[in-house]
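Overview (structure and organization)
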Amino acid sequence: MTKDLAQEKEKVRQFAKRYCELSGYQLNPDTKIAETVMEGLAKNRVKKGFQYCPCRLLSGDPEQDKLKICPCKWHKDEIAADGHCHCQLFYK
Ligand code: SF4
């Protein structure tokens, strides 16, 4: 069954909203950027089955690549250091 991009986008939006509530982070106030990143996450859900980070290269090794499923392994350190994650979806 092919996943529907619009449905997956809605799931990503819900995820991002919930994750902000849980973590205390905020979505990028530049909604254009936030939407572009969420679109990339939704496309990966459709094409690859998981919401892999759209800003990182995948290795093809599922063990390594699972660290790149949003929220990725590195986002907390990036937000602490730069104020936002690599993709600029989540902000302090
Ligand atoms: S960099 Fe940001 S958007 Fe990309 S996977 Fe990590 S938390 Fe998600």
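Here's a quick rundown of the structure.

Cut-offs used in this document
- Residues numbered from 1 in each chain as written.
- Predicted model: local features only at pLDDT ≥ 70, side-chain atom pairs only at ≥ 80, totals over all residues.
- Heavy atoms only, no water.
- 1 Å grid on protein atoms, 1.4 Å probe; cavity = no way out; pocket = protein on both sides within 12 Å on 5 of 7 lines; lining within 4 Å.
- Points joined across faces, edges and corners; volume = space filled by probe spheres on them.
- Helix = DSSP H or I, 4+ residues; strand = E, 2+ residues; numbered from the N terminus.
- Nonpolar A, V, L, I, M, F, W, Y, C, P; charged D, E, K, R; others polar.
- Near = heavy atom within 4 Å.
- Sits in = over half its atoms within 2 Å of the grid points.
- Disulfide = S-S within 2.5 Å.
- Buried < 20%, exposed > 50% of the residue type's maximum accessible area, 1.4 Å probe, protein only.
- Axes fitted to C-alpha atoms, helices over the stretch in contact; angles between N-to-C directions.
- Parallel < 35°, antiparallel > 145°, perpendicular 65-115°, else oblique.
- Left-handed = near helix turned anticlockwise from the far one by under 90°.
- Contact = heavy atoms within 4.5 Å.

**As for empty space enclosed by the protein**
In total, this model carries 1 cavity of 30 Å³ or more according to the counting rule given. Approximately 90 Å³ is the volume found for the largest cavity. If you trace the largest cavity, you find 15 residues lining it, with Cys53, Cys70, Cys72, Cys85 and Cys87 closest to the centre. Looking at the lining of the largest cavity, the elements with two or more residues in it are helix 2 (31-48) and helix 4 (75-82). Looking at the lining of the largest cavity residue by residue, the class counts come to 11 nonpolar, 2 polar and 2 charged.

**Considering the site of the ligand**
The environment of the ligand is made up of Val37, Cys53, Arg56, Cys70, Cys72, His75, Cys85, His86, Cys87, Leu89 and Phe90. Given that more than half its atoms are within 2 Å of the pocket grid, the ligand belongs to the largest cavity.

**Section: the state of the cysteines**
Summed over all chains, the structure comprises 1 disulfide. In this model Cys55 forms its disulfide with Cys87; the gap between the sulfur atoms is 2.1 Å. Residues Cys55 and Cys87 are joined through a disulfide that is right-handed, its torsion about the S-S bond being 130°. With Cys55 in the loop between helix 2 and helix 3 (62-65) and Cys87 in the loop between helix 4 and strand 2 (90-91), this residue pair connects regions lying 32 residues apart in the sequence. The class for Cys87 is buried, based on a relative accessible area of 10%.

**Concerning the packing of helix 1 (residues 5-23) against helix 2**
Running from N to C, helix 1 and helix 2 point in directions that differ by 120°, and their axes come no closer than 8 Å. Taken together, the axes of helix 1 and helix 2 lie oblique to each other. For the pair helix 1 and helix 2, the crossing hand works out as right-handed. Residues Leu5, Glu8, Lys9, Lys11, Val12, Arg13 and Ala16 of helix 1 lie in contact with helix 2, whose contacting residues are Glu35, Met38, Glu39, Leu41, Ala42, Lys43, Arg45 and Val46. The residue makeup of the contact of helix 1 with helix 2, split by class, is 7 nonpolar, no polar and 8 charged.

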